[in-house]
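# Geometric and topological summary
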Amino acid sequence: MSFIPTARATGLNPHRRSHQPKRNRFWEHVHKTETCWLWTGMQNDKGYGQFGKITAHRRSAQLAGLELPSRYHVHHTCGVKLCVRPDHLMVVSPTEHRTLHPSRIPLICTHGHDLTGHNLKLKANGYWICRECDRLRKKRSRRRTLSSFQSG
Ligand SMILES: [Zn+2]
Ligand SMILES: [Zn+2]
Ligand SMILES: [Zn+2]
């Protein structure tokens, strides 16, 4: 991987407020209550705070210096989706995270596949996929393409 700096990335454009550190921009969107620190900025479709390309609580964990491998999830110990208070956050593996939210992901998918082992694919953004359904879906779409060739 090579990184080629552009004018944008190096902040050479004088009209851009690049001198303002990202850290401050983040905290501008946080409302601190006595318990949780609530994110007041953008939200994603799952109700989590969004800061640029990542969730606000994930960014907060990074800013707090928590060790956060890209595959790992950030769990709210307080259960408040918009909370970004570092001591309410916990870095967990996708598997650990699943056991912390037993009701969020079913044990069996809508097509009856087992979701307790390898068949469950967890993504860092909180979404999950049934590998078997995913495989069947891909197979089906291939077959559809093929049959349309045959009939046409
Ligand atoms: Zn909290
Ligand atoms: Zn969680
Ligand atoms: Zn399935």
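Structure's up top.
Keep in mind the model is a prediction, meaning the values are calculated, not measured.

Across its full length, the protein chain carries 5 helices and 8 strands. Taken from the N to the C terminus, the helices and strands of the protein chain come in the order α-α-β-β-β-β-α-β-β-α-β-β-α. For the protein chain, the proportion of its 152 residues judged to be buried stands at 13%. In the protein chain, 34% of the contacts between residues at least 6 apart in sequence involve partners at least 24 apart.

What follows deals with the nonpolar core. Core analysis: the largest hydrophobic core is formed by 6 residues, namely Trp-37, Trp-39, Phe-51, Ala-56, Cys-83 and Val-84. Those residues in contact with Ala-56, other than ones at most four positions away along the chain, are Trp-39, Gly-41, Gly-49, Gln-50, Phe-51 and Val-84.

Bringing helix H3 (residues 56-63) into the picture now. It helps to recall that an α-helix has 3.6 residues per turn; residues three or four apart then point in one direction. Of all 8 residues in H3, 6 are buried, a share of seventy percent or more. Within the sequence span of H3, burial applies to Ala-56, His-57, Arg-58, Arg-59, Ser-60 and Ala-61. Following H3 by one or two positions, Gly-65 adopts a phi angle in the positive range, close to 80°.

Let's shift gears to the environment of Leu-100. Assignment of secondary structure puts Leu-100 in helix H4 (residues 94-100). C-beta crowding within 10 Å serves as the criterion here: with 14 such atoms nearby, Leu-100 is assigned to the partly exposed category. For the pair Leu-100 and Thr-77, spaced 23 residues apart in sequence, the C-alpha to C-alpha distance is 9.3 Å. In this view, Leu-100 contacts His-75 and Val-92; residues no more than four positions away in its chain are not counted.

Criteria and thresholds
- Residues numbered from 1 in each chain as written.
- Chains lettered and ligands numbered in written order.
- Predicted model: local features only at pLDDT ≥ 70, side-chain atom pairs only at ≥ 80, totals over all residues.
- Helix = DSSP H or I, 4+ residues; strand = E, 2+ residues; numbered from the N terminus.
- Buried ≥ 20, exposed ≤ 12 C-beta atoms within 10 Å, placed from the backbone.
- Contact = placed C-beta atoms within 7 Å.
- Core = buried A, V, L, I, M, F, W, Y, C linked by C-beta atoms within 7 Å.

Honestly, that's just the spatial picture; any functional story needs more than this.
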